[in-house]
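Take a look at the letters that make up each chain.
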Amino acid sequence: MKLSRQFTVFGSAIFCVVIFSLYLMLDRGHLDYPRSPRREGSYPQAQLSVLQEKIDHLERLLAENNEIISNIRDSVINLSESVEDGPKSSQGNFSQGAGSHLLSQSYLQVDPKDCLSVSQSGSLHPDVQMLDVYNLIPFDNPDGGVWKQGFDIKYDPLDWDDEPLQVFVVPHSHNDPGWLKTFNDYFRDSTQYIFNNMVIKLKEDSRRKFIWSEISYLSRWWDIIDTQKKEAVKRFLQKGQFEVVTGGWVMPDEATSHYFALIDQLIEGHQWLEKNLGVKPRSGWSIDPFGHSPTMAYLLKRAGFSHMLIQRVHYAVKKHFAWYKTLEFFWRQNWDLGSATDIFCHMMPFYSYDIPHTCGPDPKICCQFDFRRLPAGRFECPWGLAPEAISSENVQRRAHLILDQYRKKSKLFRTKVLLVPLGDDFRYTDYGEWNLQFRNYEHLFQYMNSQPDLRVKIQFGTLSDYFNAVDKADAAMRNKGQSMFPVLSGDFFTYADRDDHYWSGYFTSRPFYKRMDRIVESHLRAAEILYYFALRQAQKNMINTFLSSKHYLALTEARRNLGLFQHHDAITGTAKDWVVVDYGTRYLVIYNPLEQHRNSVVSIYVSSPTVQVLTDTGKPLDIQVNAVWNKQTTISEEAYEISFVAHTSPLGLKVYTLLEAENLNSYLADYVLYNGEATSDIFNIMMSAQEPIILENPHMILSFDKTGLMETMMTKEDKQLHNIKVQFTWYGTTNKKDKSGAYLFLPDGFAQPYVSKKVPIVRVLRGRIYSEVISYFEHVTHRVRLYNLQGIEGHSVEISNTVNIQDVFNREIAMRISSNINSQNRFYTDLNGYQIQPRRTLSKLPLQANVYPMTTMAYIQDAKHRLTLLSAQSSGVSSLKSGDIEVIMDRRLMQDDNRGLGQGVTDNKITANVFRLLLEKRSDADMILVHKLFNKFTVEKLIPSSLSLMHTPPVAKNISVIHLSPMEISTFRIRLG
């Protein structure tokens, strides 16, 4: 009670401060007259404009104060939870939203000088935390007028009297490396002509500019052109007419791609640029991925980028950011206590990156300045107002029309510098379009720049031209002691482009290829490590031809094909059927060793049950001999599976010998069959209908229902019984006009239980190495396996679901894991296998909005336990009810969802979804004595680290005591003497 009273007093005090601050602002605003001189006769209009600005400003202040109160509320909740969950010690809360790290003096004993260096490097608090933004936004989607998803934008013509509006029109062409056509077909039909025409048209006028992103296409073109064109491209780069933005092999998806693949495709593109053009990109350009991850922002920052641009963000979030003029911000990682990870980010404000949605809020006007749509052409504006070719007769009228849009758009930003992209998918393929766009805009530029009273400076530019101008404006403000841009932390999932159309379907679409992607990633990485060791050995032995060997070429091809698959219409499963097959056939799978010390079970097929497995020293290993089942109740007489535990050192190879011989270390598995019959001359098979289904290893006991679905888990360490149930569910699609498709998830309500038409055959295997339960449902073969090992493989439950929904109509199948963990509306998902992002299930949002991407893991937790689902493939995941984790495994949808693909998702393949389920006890102890933990060693150094060990940890000196908060994971690097 005493603590609650302190929270109440603290909150009341803050509220009083806020109210008093507002009073002072109102009082000051009443006396704060405009300082700029007024023009003759414009006083009333200017005065009203100033008053309107102040009212708008006060409305923003009120909303910001509401956000402050919300942050305070969340901080109090977090503090309360930390008090309830852990020791009653005093803890300070540096809150970055729900689920943020709780740090205090008792958390880590660090030198005060370290704290000083952190405080000097930047603010501990982001100004904008996306979890808080979702709390503030009503998601009511009222009609905003010409900007349907926004609001009416007004301005005073005098706003640019002190400083003219500076406009950069940036020509670009977005080229998908496979979508409706394959990569090669797109290049043949479109992309090569874009490059060829660029060389001609940029040469005609040095004021013309163009930007490009996808290096996979640039590399393909570079291989077939002559030296003259190559030299021309290099000149354009040197003169600033041509800029390569981001410079990855593709523009990757940011939801389902693993960070290794993101890095690999970025390196492949940058190495190509350095080798062939001698340039390094400075700015990121991500206009088409369906949502945006802070992992990508961090990778760009670490690659030396200072700026980036994003586009596909929830329309309500865009409106919120536009209202508060926070569309440009410094994107900071959640873990960053300073500003080391900050990267400047520009968010495009409107619906799309095409020309109708980039010049200003009114698409029917902006479309009139897409000169490819002139009358008598193949394309037209859907709003019924056609463009006009610019001439001396209409240039004044047309210039004022588009300048009005530029001015309105500029009012959404904090500087007087405006970015206007000029392009769309596969634009500038025709020679004529280059002429139409450049010549008509040149007429407009010439007129506007010649009219001083318009207060505008306009030109073609590159992305870096724009960011340089913004940096200059920001520097001017910083010289005055003011910071122009806010700091933001969090991510931009799940994306919605209109209404309740959330793009959470693609998190799961085509799971076969998502699984294949991860397998190839692991094999490629191990192959690269092996190649490096081989290369060093070759250099040592002076083998100079090694680099040009076929193995290096094969690795390069594998990297590029894996990079190609990270494209936002490839790994997402949102390309045409034959395009997806084209991606799949590019993979090169190479056998590789493991990269870290592990004891893992290896299973292989052999032709005899009498087999020996010997180590490289000739020592025989224990092996488990299992039956190979041709059908659910039929055993093969020609093949057997043997399993053994392989001990592998870090980055090491180990050779095992298989011999056909009698083996005293060989153990046959035993079987129990439910709801079926089988016989064998070799294996012991029992038929049962009543015996309870139980699996056991040294760490846990699992019990199952009669269909082979897990119901409880007992942990042997503490003898606690946990209700952890597995079930399958169906989602249908809505009966509205717009239905689920490759991109969208539009369900017909909450999931319904999966009910098999017949009782499934259940087979239980018990062996020396592992035991398992397999259930044969109509659409899922469900396997639960326990390994008799130490480490995570022994302490977790392996779940494999082989899904086949080729005979269903408009359905999506999911696995739901239910527990008695009191997670409330909070859960956690990874981002790209690199970092963890807290999530909240919000009742004000539709079901599909509460589905998030899971690349490698998701978990729920309360004060006592954490339940983690580790995934071998990316999927969509949710926690719609306290204690639940639900993952969508496959989708079969018969219609297009009207996002351009033109087909449903009907090319389903039989796919194995592989998971690990890990239950962990969260200790009540908050302190670890390091020297007691390592009492036989001297602890030379201990620094806080991260789960990935990839980003730079905060600086801390050696300590002897670690205080752990029960709210978050903490990891450390320890050096022992």
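Placed above this text is the structure.
No experiment lies behind these values; they were computed from the predicted model shown.

A. A look at the side chain of Asn-913. Position of Asn-913 among the secondary structure elements: in strand S39 (residues 911-921). For Asn-913, a relative accessible area of 1% puts it in the buried group. Beyond its immediate sequence surroundings of up to four residues, Asn-913 is in contact with Pro-511, Ile-799, Ser-800, Asn-801, Val-803, Gln-873 and Met-889.

B. Structural view of the nonpolar core. Of all hydrophobic cores here, the largest spans 128 residues; its most connected members are Phe-242, Tyr-406, Tyr-441, Met-448, Leu-702 and Met-815. Sort the elements by how many residues they give to this core and helix H5 (residues 183-204) lands first, with eight residues. Not counting the four nearest positions on each side in its chain, Leu-702 is found in contact with Ile-693, Ile-694, Leu-695, Met-710, Thr-712, Met-713, Val-784, Leu-786 and Val-797. Among the nonpolar cores identified, the runner-up in size contains 45 residues, and Met-130, Phe-139, Leu-299 and Leu-412 belong to it.

C. Structural detail: the state of the cysteines. If you walk through the whole model with that rule in mind, you get two disulfides. One disulfide in the model links Cys-359 with Cys-366; its S-S distance is 2.0 Å. Disulfide Cys-359-Cys-366: torsion about the S-S bond near -90 degrees, hence left-handed. Judged by relative accessible area, which is 4%, Cys-359 ranks as buried. In this structure Cys-366 comes out as buried when scored by relative accessible area, which is 0%. Disulfide pairing is shown between Cys-367 and Cys-381; the S-S distance is 2.1 Å.

D. Quick look at empty space enclosed by the protein. All told, the structure shown has eight cavities of 30 Å³ or more when counted by the stated rule. The calculated volume of the largest cavity comes to roughly 120 Å³. Surrounding the largest cavity, Met-130, Leu-131, Tyr-134, Asn-135, Asp-491, Phe-493, Gln-837, Pro-838, Arg-839, Arg-840, Leu-842 and Tyr-852 form its lining. Among the elements of the structure, helix H4 (130-136) and strand S33 (835-840) are those that each provide at least two residues to the lining of the largest cavity. Partitioned by chemical class, the residues of the lining of the largest cavity number seven nonpolar, two polar and three charged.

E. Focus on the sheet that holds strand S17 (residues 634-648). The four strands are arranged S14-S17-S16-S19 in an open sheet whose pairing can be described as mixed. Looking along the sheet, the strands with just one partner apiece sit at the ends: strand S14 (598-606) and strand S19 (666-668). Here the strands of the sheet are splayed against their neighbours by 35 degrees on average, with no regard to which way each runs. Of the strand pairs in this sheet, S14 and S17 are connected by nine bridges, and their pairing is antiparallel.

F. Layout of helix H16 (residues 550-565). For H16, which comprises 16 residues, the first-to-last C-alpha distance of 22 Å matches the rise-based estimate of 22 Å (1.5 Å per residue) to within 8%. Within the sequence span of H16, burial applies to Leu-555, Thr-556, Ala-558, Arg-559, Asn-561, Leu-562, Gly-563, Leu-564 and Phe-565.

G. Focus on helix H14 (residues 463-479). Given a rise of 1.5 Å per residue, 17 residues ought to cover 24 Å, and the 24 Å separating the end C-alpha atoms of H14 matches this to within 8%. Three or more residues of H14 are buried, namely Leu-463, Ser-464, Tyr-466, Phe-467, Ala-469, Val-470, Ala-473 and Asp-474. Among the residues trailing H14, Gly-481 stands out with phi positive, at a value near 85 degrees.

H. How the structure looks around the packing of helix H12 (residues 395-410) against helix H13 (residues 431-449). Between H12 and H13, the least distance of the axes is 10 Å, while the angle of their chain directions is 85 degrees. With respect to each other, H12 and H13 are oriented roughly perpendicular. The segment H12 lies against H13, with Val-395, Gln-396, Arg-398, Ala-399, His-400, Ile-402, Leu-403 and Tyr-406 engaging Tyr-441, His-443, Leu-444, Tyr-447 and Met-448. Among the residues forming the contact of H12 with H13, the class breakdown is nine nonpolar, three polar and one charged.

I. Seen up close, the pattern of salt bridges. Applying the stated criterion to the full structure yields 39 salt bridges. With a closest N to O distance of 3.3 Å, Asp-404 and Lys-408 form a salt bridge. In this pair, Asp-404 and Lys-408 are both assigned in helix H12, four residues apart and thus about one turn of the helix distant. In this structure, a network of salt bridges that share partners links the residues Glu-772, Arg-783, Arg-785, Glu-793, Glu-798 and Arg-916.

J. View of the environment of Gln-895. Looking at where Gln-895 falls in the secondary structure, it is placed in the loop between strand S38 (884-892) and S39. Once the C-alpha coordinates of Gln-895 and Thr-906 are considered, the two residues, 11 residues apart in sequence, prove to be 8.9 Å apart. For Gln-895, the contacting residues outside a window of four places in its chain are Thr-733, Lys-739, Ser-740, Gly-741, Asn-810, Gln-903 and Gly-904. Separated by 2.7 Å, the side chain of Gln-895 and the backbone oxygen of Ser-740 make a polar contact. At a separation of 2.9 Å, a polar atom in the side chain of Gln-895 contacts the side chain of Asn-810.

K. Structural context of the packing of aromatic side chains. Per the stated rule, a full pass over the model turns up 53 aromatic pairs. Relative to Tyr-743, the ring of Phe-290 has its centre 5.2 Å away and its plane inclined at 85 degrees; by these criteria the two rings are edge-to-face. Here the residue Phe-290 occupies a position in the loop between strand S5 (283-286) and helix H9 (294-302), and Tyr-743 occupies one in the loop between strand S25 (720-731) and strand S26 (752-753), the gap between them amounting to 453 residues. Look at Phe-290 and you get buried, because its relative accessible area is 2%. Residues Phe-329 and Trp-331 carry aromatic rings whose centres are separated by 6.3 Å and whose planes lie at 75 degrees to one another, so their mutual orientation is edge-to-face. Aromatic ring contacts, followed pair by pair, group Phe-210, Phe-369, Phe-371, Tyr-428, Trp-434, Phe-438, Tyr-441, Phe-445 and Phe-460 into a single cluster. Note that Arg-763 overlies the ring of Trp-629, its terminal NZ or CZ placed 4.1 Å from the centroid.

L. Main features of the sheet that holds strand S29 (residues 780-787). Taken together, 11 strands build an open sheet; the order of strands is S21-S20-S27-S28-S29-S30-S39-S36-S35-S32-S33 and the sheet is mixed. Every other strand in the sheet has two partners, leaving strand S21 (684-688) and S33 as the edge strands with one partner each. If you compare each strand with its neighbour and ignore which way they point, the axes differ by 20 degrees on average. One ladder, built from six bridges, connects S29 with strand S30 (residues 797-803); its direction is antiparallel. Bridge pairing in S30 links Thr-781 to Thr-802.

About the thresholds
Residues numbered from 1 in each chain as written. Predicted model: local features only at pLDDT ≥ 70, side-chain atom pairs only at ≥ 80, totals over all residues. Heavy atoms only, no water. Helix = DSSP H or I, 4+ residues; strand = E, 2+ residues; numbered from the N terminus. Buried < 20%, exposed > 50% of the residue type's maximum accessible area, 1.4 Å probe, protein only. Contact = heavy atoms within 4.5 Å. Core = buried A, V, L, I, M, F, W, Y, C linked by side-chain atoms within 4.5 Å. Disulfide = S-S within 2.5 Å. 1 Å grid on protein atoms, 1.4 Å probe; cavity = no way out; pocket = protein on both sides within 12 Å on 5 of 7 lines; lining within 4 Å. Points joined across faces, edges and corners; volume = space filled by probe spheres on them. Nonpolar A, V, L, I, M, F, W, Y, C, P; charged D, E, K, R; others polar. Pairing = 2+ DSSP bridges. Axes fitted to C-alpha atoms, helices over the stretch in contact; angles between N-to-C directions. Expected span 1.5 Å × (residues − 1). Parallel < 35°, antiparallel > 145°, perpendicular 65-115°, else oblique. Salt bridge = Lys/Arg side-chain N within 4 Å of Asp/Glu carboxyl O. Polar contact = N/O pair within 3.5 Å; in protein donor to acceptor, adjacent residues only side chain to side chain. Phe/Tyr/Trp six-rings, centres within 6.5 Å; stacked < 30°, edge-to-face > 60°. Lys NZ or Arg CZ within 6 Å of the ring centre and 35° of its normal.

These values are about where atoms sit, not about what they do.
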